[in-house]
Amino acid sequence: MADGFQCGLKRRAFVMDYPCRIGRAEFPDVYDFFTPEIREYLVAVGGRNDYYFDRQGYTFYCRPTLGRVDIASGEESNEKSEIQFFLSDEEEKTRCYKDYFKEGVIYRIKARARPSLSVLFVEEVLEENVHNDFLLSLIAEFEKPVTLNSKKLGEFRENKKYSWFEGCCDWLGENVKLYISADKNTAPVIIKMLEGFYRSRKSWDKKLKECAARELLQPACDWLEEKISEEQFMARLTPESIELDGDCEFTVYFNDGGMFNGHSVVVYGSMQDGAE
């Protein structure tokens, strides 16, 4: 970036005309775990990030949902699930499928159900911005901010897309991001674990950097094309973020200090067994 300007290309948003069939036209017989019957549903889009995967020559695109309503029966479900469809060649090429379903919006769709997983396979999108009190209440609840507080580490805010809580702390003079992989019910316990980790940060900092040096000192010398000592290697590492999950396992990311051309140095371990 120079003089405040940035250069780049941006994908043009796709505008859908309703009703609109999406995905591949054919439905393979091998996917018999979806019911043959096509029904109309209302779905509230939201939750974690979307994703896709390949299976038997088809690319599934998956968009998380907060709940749904079976229009014919009136049955309501607040189970978090997802909608899926096979991407066509054109959709894969243009990536227009990214614009089909917006976060926090209710859609009326035609879909096949997969009862065992509450997943819907979308055939056609009929309408967006549908009003439904039940689904709107799920969206409102999901969008409520959730924060937890630690006397030692300050505030943690829930990131619902990634199912973790985010915070930050002063780690021996460095501003370090903190990530707790948990929901609002289990996060307080993990924050307590992290407080213990933080109280011993001077000792942990040394152990983590020593672990990195054991594995990466020689590769660092190769990258730099010069000999550096273990102490010099450790001095170049700057902690950037710490992730902790419910099993007391952590992942710590360090800035490489220019030793690996900007690649992060990552140390894994657990509070019981130390750094690996």
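The structure this text deals with has already been given above.
Nothing here was measured: the structure is a model prediction, and the numbers come from that model.

Conventions used here
- Residues numbered from 1 in each chain as written.
- Predicted model: local features only at pLDDT ≥ 70, side-chain atom pairs only at ≥ 80, totals over all residues.
- Heavy atoms only, no water.
- Helix = DSSP H or I, 4+ residues; strand = E, 2+ residues; numbered from the N terminus.
- Rg over C-alpha atoms; globule rule 2.2 N^0.38 Å.
- Contact = heavy atoms within 4.5 Å.
- Areas by Shrake-Rupley, 256 points an atom, 1.4 Å probe, with all protein chains shown as cover.
- Lys, Arg positive; Asp, Glu negative; His and termini not counted.
- Charge placed at Lys NZ, Arg CZ, Asp CG, Glu CD.
- Buried < 20%, exposed > 50% of the residue type's maximum accessible area, 1.4 Å probe, protein only.
- Arc of directions from axis to C-beta.
- Polar contact = N/O pair within 3.5 Å; in protein donor to acceptor, adjacent residues only side chain to side chain.
- Pairing = 2+ DSSP bridges.
- Core = buried A, V, L, I, M, F, W, Y, C linked by side-chain atoms within 4.5 Å.

1. Concerning the overall build of the chain
Part 1 of the argument: Scanning the chain for helices and strands turns up five helices and 16 strands.
Part 2 of the argument: For the chain, the C-alpha radius of gyration of 24 Å lies well beyond 19 Å, the compact-globule estimate for 276 residues.
Part 3 of the argument: With the C-alpha coordinates of the chain rotated into their principal frame, the extents come out at 70 × 45 × 40 Å.
Part 4 of the argument: Nonlocal contacts in the chain, meaning residues at least 24 apart in sequence, comprise 57% of its contacts between residues at least 6 apart.
Part 5 of the argument: If you sum the accessible surface of the chain, you get close to 15,900 Å²; carbon and sulfur atoms cover 47% of it.
Part 6 of the argument: In the chain, the 37 positive side-chain charges and the 50 negative ones have mean positions that sit 3 Å from each other.

2. Some thoughts on the environment of E155
Part 1 of the argument: By secondary structure assignment, the location of E155 is in strand β10 (residues 154-159).
Part 2 of the argument: Spatially, the C-alpha atoms of E155 and E166 are 8.3 Å apart, while their sequence positions differ by eleven residues.
Part 3 of the argument: Excluding anything up to four places from it in sequence, E155 contacts T147, L148, N149, E166 and G167.

3. Looking at helix α2 (residues 133-143)
Part 1 of the argument: Residues L135, L138, I139 and F142 constitute the buried set of α2. Seen along its axis, α2 keeps its buried residues to an arc of 95°; they face one direction.
Part 2 of the argument: Summarising the contacts, the buried residues of α2 are in contact with β2 (39-45), β4 (58-70), β5 (76-77) and β7 (106-114).
Part 3 of the argument: Of the residues flanking the start of α2, the one acting as N-cap is N132, its side-chain oxygen 3.2 Å from the backbone nitrogen of F134.

4. What to know about the pairing of β2
Part 1 of the argument: Among the seven residues in β2, five count as buried, and that is most of the element.
Part 2 of the argument: Note: β2 against β7, six bridges, orientation antiparallel. Within β7, the residue paired with Y41 across the bridge is I109.
Part 3 of the argument: Across five bridges, β2 lies against β4 in antiparallel orientation. Looking across to β4, one finds that V45 is bridged to T65.

5. Remarks on the nonpolar core
Part 1 of the argument: Counting 38 residues, the largest nonpolar core has I180, L194 and F233 as its most contacted members.
Part 2 of the argument: Within the residue set of this core, elements represented by two or more residues are β11 (164-171), β12 (174-181), α3 (187-199), α4 (201-224), α5 (230-236), β13 (238-245), β14 (249-255) and β15 (265-270).
Part 3 of the argument: A per-element tally of this core places α4 first, with eight residues.
Part 4 of the argument: Apart from the residues lying within four places of it in its own chain, the contact partners of F233 are K209, A212, A213, L216, L217, A220, I228, M259 and F260.

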